[in-house]
Structures are given as structure tokens and as C-alpha cells.
Amino acid sequence: MRIDLNDEYFKIGIRQTGIATKYKGKKLIKEKVRKTNAKSKYVRG
């Protein structure tokens, strides 16, 4: 698989290298996804 042919990987690459902040008119922003619903592992109830 060539990553330069996959649009999502291409956008990640140009965002990470700082080459561009927009691609095809859209802002390149890293989407932060929570892996858990826990608010804090240190809260005990």
C-alpha cells in the first residue's frame, strides 16, 4: 500500500510536517478520541 495514495494518510502527513494547515479547503486538525469513559483513574467512590 502506498500511503501517498490514501487521502487520510496524506492529510496526516502534511499536518504533522507543518507543510499546510488546510487541504482541499478543510482545516487539518487532529481529532482527539477518548478511549475510555473514565474521567480520572484516581477518583474513587
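Residues numbered from 1 in each chain as written. Predicted model: local features only at pLDDT ≥ 70, side-chain atom pairs only at ≥ 80, totals over all residues. Heavy atoms only, no water.

A. Quick look at the overall build of the protein. Counting its secondary structure elements, the protein contains one helix and two strands. Its helices and strands taken in sequence order, the protein reads α-β-β from the N to the C terminus. When the 45 residues of the protein are sorted by exposure, 7% land in the buried category. For the protein, the accessible surface area stands at approximately 4900 Å², while carbon and sulfur atoms represent 53% of it. (Helix = DSSP H or I, 4+ residues; strand = E, 2+ residues; numbered from the N terminus. Buried < 20%, exposed > 50% of the residue type's maximum accessible area, 1.4 Å probe, protein only. Areas by Shrake-Rupley, 256 points an atom, 1.4 Å probe, with all protein chains shown as cover.)

B. Examining the pattern of salt bridges more closely. Counted by the stated rule, this structure contains one salt bridge. For Lys11, the salt bridge identified is with Glu8, shortest N-O distance 3.0 Å. In this pair, Lys11 and Glu8 both sit in helix α1 (residues 7-17), three residues apart, roughly one turn of the helix. Residue Lys11 is classed as partly exposed on the basis of its relative accessible area, which comes to 23%. (Salt bridge = Lys/Arg side-chain N within 4 Å of Asp/Glu carboxyl O.)

C. Unusual backbone geometry, seen in detail. You will see that Lys24, though not glycine, has its phi angle at about 55 degrees, which is positive. Along the chain, the position of Lys24 falls in the loop between β1 (22-23) and β2 (26-27).

D. Representation of the confidence of the model for the protein. With 78% of its residues at a pLDDT of 70 or more, the protein shows a mean pLDDT of 79. Considering each helix and strand of the protein separately, the mean pLDDT is smallest for α1, with a value of 86, and largest for β2, with 89. (pLDDT = per-residue confidence, 0-100.)

E. Quick look at α1. A distance of 3.0 Å separates the backbone nitrogen of Glu8 from a side-chain oxygen at the start of α1, and that oxygen is part of Asn6. Immediately beyond the C-terminal end of α1, within one or two residues, lies Gly18, with a positive phi of roughly 80 degrees. (Polar contact = N/O pair within 3.5 Å; in protein donor to acceptor, adjacent residues only side chain to side chain.)

F. Highlighting the environment of Asp7. By the secondary structure assignment, Asp7 is in helix α1. Contacts of Asp7, omitting those with residues within four sequence positions, involve Tyr23 and Lys24. (Contact = heavy atoms within 4.5 Å.)

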